[in-house]
Protein chains: 2
Amino acid sequence: LPSMQTSRSKPCSCPSFRLREVASMYFTMIAVFLVILVVALQGSVPRGSDFPYKVPLDPQGLLELSWNVSYAEQAVNFQLLVRELRFGLLFGMSDRGEFENADLAVLWSDGHNSYFGDAWSDTKGQLHMDSQQDYQLLEARKAPEGLYLLFRRSFSTCDPKDYLIEDGTVHLIYGILEKPVRSLQAINISAIHRGLQRVQLLKPNITVPDLPSDMKTMEITAPDIVIPSQETTYWCYMAELPDGFSKHHIVMYEPVVTAGNEALVHHMEIFQCAAEFDSFPYYNGPCDSKMKPDRLNYCRHVLAAWAMGAQAFYYPEEAGLAFGGPGSSRYLRLEVHYHNPLVFKGRRDSSGIRLYYTATLRRYDAGIMELGLVYTPVMAIPPGESTFILTGYCTDKCTQLALPAAGIRIFASQLHTHLAGRKVVTVLARDGKELQVVNADGHYSPHFQEIRMLKEVVPVLPGDELITTCTYNTEDRSRATVGGFGILEEMCVNYVHYYPQTQLELCKSAVDAGYLRRYFNLVNRFNDEEVCMCPQVSIPQQFSSIPWNTFNRDVLKSLYGFAPISMHCNKSSAVQFPGEWEKQPLPTITERLR
Amino acid sequence: LPSMQTSRSKPCSCPSFRLREVASMYFTMIAVFLVILVVALQGSVPRGSDFPYKVPLDPQGLLELSWNVSYAEQAVNFQLLVRELRFGLLFGMSDRGEFENADLAVLWSDGHNSYFGDAWSDTKGQLHMDSQQDYQLLEARKAPEGLYLLFRRSFSTCDPKDYLIEDGTVHLIYGILEKPVRSLQAINISAIHRGLQRVQLLKPNITVPDLPSDMKTMEITAPDIVIPSQETTYWCYMAELPDGFSKHHIVMYEPVVTAGNEALVHHMEIFQCAAEFDSFPYYNGPCDSKMKPDRLNYCRHVLAAWAMGAQAFYYPEEAGLAFGGPGSSRYLRLEVHYHNPLVFKGRRDSSGIRLYYTATLRRYDAGIMELGLVYTPVMAIPPGESTFILTGYCTDKCTQLALPAAGIRIFASQLHTHLAGRKVVTVLARDGKELQVVNADGHYSPHFQEIRMLKEVVPVLPGDELITTCTYNTEDRSRATVGGFGILEEMCVNYVHYYPQTQLELCKSAVDAGYLRRYFNLVNRFNDEEVCMCPQVSIPQQFSSIPWNTFNRDVLKSLYGFAPISMHCNKSSAVQFPGEWEKQPLPTITERLR
């Protein structure tokens, strides 16, 4: 090339040289690929201790999944223990645990030979071999307890048939082949023994903080109870802190699960009771029992929460969760959710949570703040929607007033909706620019509400905005779903765990009620006066009289994206920070995250 | 595995066997890959004759691109002739021809060595080497006329930095390096000689139909004119068919471009004049000249159209375009668009179109039908929109009435909007299900309106629906853009070429005017009476008085997606098919194409 500028007639000799360069580059790449492959197949198969996360897939515990996450390689290594292998199994992932449109690794036998492959199921559940094999089998090893299958999957494979492994909930699915099958295509997915298990696959890679030397432990566990022989039980057990127990900091906690019951104990929470009552009655029984004393409803402040697949929860080195001492109740309520679909009888259980605490108080108390939407019927979801979005705001005005100058640090988050919730995300914005995701779950399930440690602590400064967006599905409903406390009403909440604790307990919003009235009026006129606008009619009644055509649906969305909001910037659920909180402008976002 | 069903204690020997199977599968795949690579690099480099499509990239013709398309391999093979190579060049693709967010192949020299690589530019136009190399260099060959670079690109590379090659317009970009550069990153993309060229890269792979033995040719070409020394000229030249010229069928046509002017002749069209006038004056001059007789405005019926990069246009074997004979004007108008950005002076030109026609009439006359939106201000686009969508319908009721029982066959299509148009697509639907795309252009440019032969002929039956959707960008406008004939008003049209010819010339829609009035009323009330609703005010004036907040924008979209339509199901622009065409329901689509 350089020779050509001086003389056009001089022959150019570089092209063929360059061609060889390119070729050798390709060969090198292939050679590297070979080396990696050989290493993967023969050398560095991960050891058992390399799989820190573990969850039983089926209620009998025949299939036990362990895994680890390599963020450097953007891949998950799975170890699947198959206790009683017959003619193979299916393991995979899908949007919400369905067996249609699923991404599957399949091990199957025709009675003579066995095969392993990456497959996918179509909208009818028919299996197909994947043209790109992305479940990479690393090892299959026989042990006394069963067959260990080790395999690996990249988060993202660039194959449109594959599931994209993201932060948040992953719906794992499994199936057990009890007869030989001629081929992958011959597997009748609806006829096999199968199920789903929800986990957070991409656990954060946190460094365990230094723990205090004077740390003590306290186990809040069920007192050797008999698990009821029914599919779902919420068990309530009241415990008590010692008399005169002074203020301590909880610095970590971990699950205590009775051996053999790993597949039955679905999630557990410890609640602290309200300080305004001097004493609470003892109770040990199902939470929905008529025998349960009403006062136990005042034990709702979360101290610790665990769900299947989760490990120990660590507070950041600078902070601890205060319990004990004056102004704090001595009474604790343990709630254990037993999931017993095979209706085992007579199983005894002493599961619970082990708290690690210290009297040497850390620098900061940790706090919990509620973000999202106010529980009010003005926020509603039309029926028959596959993806309807509602957004709750914690505005710059509120954080400006309520947060300390140095800001706060969010280190954990628990997302919450009722039954129609499908996705939840909270984003931090500063000066109209979205800075980062605080916590997101694109496959959120109301049946799997963990407290999740964040991959990185999120600093929030005065003047920042926290925007929480929930996506709902109301395809199975025939009437509008309004906001509220009822199980068939909806919520959109993110409980963020942060330090240092501030007075701000609630930072939530709802659409301005006056603008909602304009909407009802508009719908009324546009649709020839079909909606009853009589003033004595409640908001849920007005919503339920709307004819839900596409126009009325779309305009409700437009209203929620436009109308001013009413803010709850509160010290407790009833006490506001001083200021004007009605008819506030919606935050304007000029730069969105991708 | 099969052994395990009979006896659990029998050791399982299959896993290690299976592991080897998997490994050998990988090795085989690599071996195949190697063979393909070696063949690609040494063997089957395509010959010059293998590149049927050709276009100059720059106005001087220094860079000449030829290409072919392998639909089997889903790849494009490029041959770039660089006539005066200095220190390298950039070639690539981007959404609309911009140099930011572009996908580029770069050949560059630091004065000593030369390099070739796949690169991308960020939002600021800074170049980066792509982590995945998808422009595959096949050959670089010196010839007397310059350097030939042969390279290949898959349509889709699965690399998010890469451009996805799709049907429709592709904006090619080029740049010429006139100084040595230390590295790819050191290229200052805004300081180099550069430009863009629009082409339809994925030409349809049609089989050339048999041509009649009595075929004659007629050249309608400019009469050795001097191309004006200005950037843009539309040249008009009147031609005449011989006296008593009987009805013939045009069966194909091709461009005739004067040698040396390949980079200047941008596109050409032949229009037939209206039959109601006995004669038309002669004219040979710029179309926008004051000297041009007004009557030439009646020469608007397209007979043939060509744009840069296009080859010959063939009618299907069963059909021809009728011209000559009674009821058809003898007068033709040739329009040539010269694009002369370097303002060459004194260039002479005799370019035009060569028609191939036969007196042996084919079975069917071909026809042209207009789909999309009626030219009316009721269809409007708010200002400042990046992607606003308007949809025009050809309803089942109209096709039921106007099409023959055996249906029609669409074989070509010309998309049309004014300056705000960014995408156009027409979809065929039957019984509420979208069946196929008739023609789509996701990178549509109003400056590149070709008649495109379709990849496959689309059969349309009575009762089918043809839905044409246009996407507009009005970010540079401060007032609403309404539908209409003006260059700053908008259109959404697809001229489809089909056979057998029917009486249906227009099948288009617009929103019902009464519902638009409801919208103005609603906006008025919701926004506290800001819009002037006085009855004497025109629709464009009402649109221009709307305060364009997000609510008013969203509700206009909702209205267009909900309100009934007024149909134009016309024999000619003024004569309707009998029936009720006002307040028609919007077609309901229950199943969409992906």
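Residue numbers run consecutively from 1 along every chain, following the written order of its sequence. All chains are assigned letters beginning with A, and all ligands numbers beginning with 1, in the order in which they are written. Given that this is a predicted model, residues contribute local features only at a pLDDT of at least 70 and side-chain atom pairs are listed and counted only at 80 or more, while totals for whole chains, interfaces and linings are drawn from all residues. For side-chain calculations, the full set of non-hydrogen atoms in the structure is used, while hydrogens and water are omitted.

- As annotated in an unreviewed UniProt entry, chain A is Dopamine beta-hydroxylase from Heliornis fulica.
- The record in UniProt for chain A states the following under Catalytic activity (unreviewed entry): "dopamine + 2 L-ascorbate + O2 = (R)-noradrenaline + 2 monodehydro-L-ascorbate radical + H2O".
- The Pathway (unreviewed entry) field of the UniProt record for chain A holds the comment "Catecholamine biosynthesis; (R)-noradrenaline biosynthesis; (R)-noradrenaline from dopamine: step 1/1." UniProt positions are given in the numbering used here, feature names are shortened, and annotations may be inferred rather than shown by experiment.

1. A few points about the state of the cysteines
Residues and elements named next belong to chain B.
Turning to step 1, where the next piece is worked out: Our working definition of a disulfide is a cysteine sulfur pair at a distance within 2.5 Å. Counted by the stated rule, this structure contains 10 disulfides over all chains.
Turning to step 2, where the next piece is worked out: Paired by a disulfide, Cys273 and Cys299 hold their sulfur atoms 2.0 Å apart. Residues Cys273 and Cys299 are joined through a disulfide that is right-handed, its torsion about the S-S bond being 95 degrees. Within this pair, whereas Cys273 is found in strand 16 (residues 265–273), its partner Cys299 is found in strand 18 (residues 299–307), the two being separated by 26 residues in sequence. As far as burial versus exposure is concerned, Cys273 and Cys299 are alike and both buried.
Turning to step 3, where the next piece is worked out: Each sulfur of the disulfide joining Cys470 and Cys492 lies 2.0 Å from the other. Taking the torsion about the S-S bond as the criterion, the Cys470 to Cys492 disulfide, at about 85 degrees, is right-handed. Pair noted here: Cys470 is in strand 32 (residues 465–472) and Cys492 is in the loop between strand 33 (481–482) and strand 34 (493–499), with a separation of 22 residues, a long-range link.
Turning to step 4, where the next piece is worked out: Assessed through its relative accessible area of 0%, Cys470 is described here as buried.
Turning to step 5, where the next piece is worked out: A relative accessible area of 0% places Cys492 in the buried class. Note on conventions: DSSP H or I runs of at least 4 residues are helices, E runs of at least 2 residues are strands, and numbering of each starts at the N terminus. Burial classes: relative accessible area under 20% of the type maximum marks a residue as buried, over 50% as exposed, and values in between as partly exposed (1.4 Å probe, protein chains only).

2. What to know about the UniProt feature "domain: DOMON" (unreviewed entry) in chain A
Turning to step 1, where the next piece is worked out: The feature "domain: DOMON" (unreviewed entry), as given by UniProt, occupies residues 61–177 of chain A in the numbering adopted here.
Turning to step 2, where the next piece is worked out: Here residues 61–177 of chain A runs as 0% helix and 56% strand, with 16 Å between its end C-alpha atoms.

3. Quick notes on the domain arrangement of chain A
Turning to step 1, where the next piece is worked out: For the purposes of this description, domain bounds are those given by an automatic or database domain assignment. Each assigned domain of chain A is listed here: domain 1 (53–199), domain 2 (205–362), domain 3 (370–513 + 566–593) and domain 4 (514–565).
Turning to step 2, where the next piece is worked out: Here the C-alpha centroids of domain 2 of chain A and domain 4 of chain A sit 45 Å apart.

4. Some words on the sheet that holds strand 3 (residues 75–82) of chain A
Residues and elements named next belong to chain A.
Turning to step 1, where the next piece is worked out: Between any two strands, at least two bridges found by DSSP are needed for them to pair. Taken in spatial order, the 5 strands of this open sheet run 1-2-3-9-8, and their pairing is antiparallel. Looking along the sheet, the strands with just one partner apiece sit at the ends: strand 1 (53–56) and strand 8 (136–143). Adjacent strand axes in the sheet meet at a mean angle of 20 degrees, parallel and antiparallel pairs treated alike. Every angle, taken between N-to-C directions, lies between 0 and 180 degrees, and every axis is a line fitted to C-alpha atoms, over only the stretch in contact when it is a helix.

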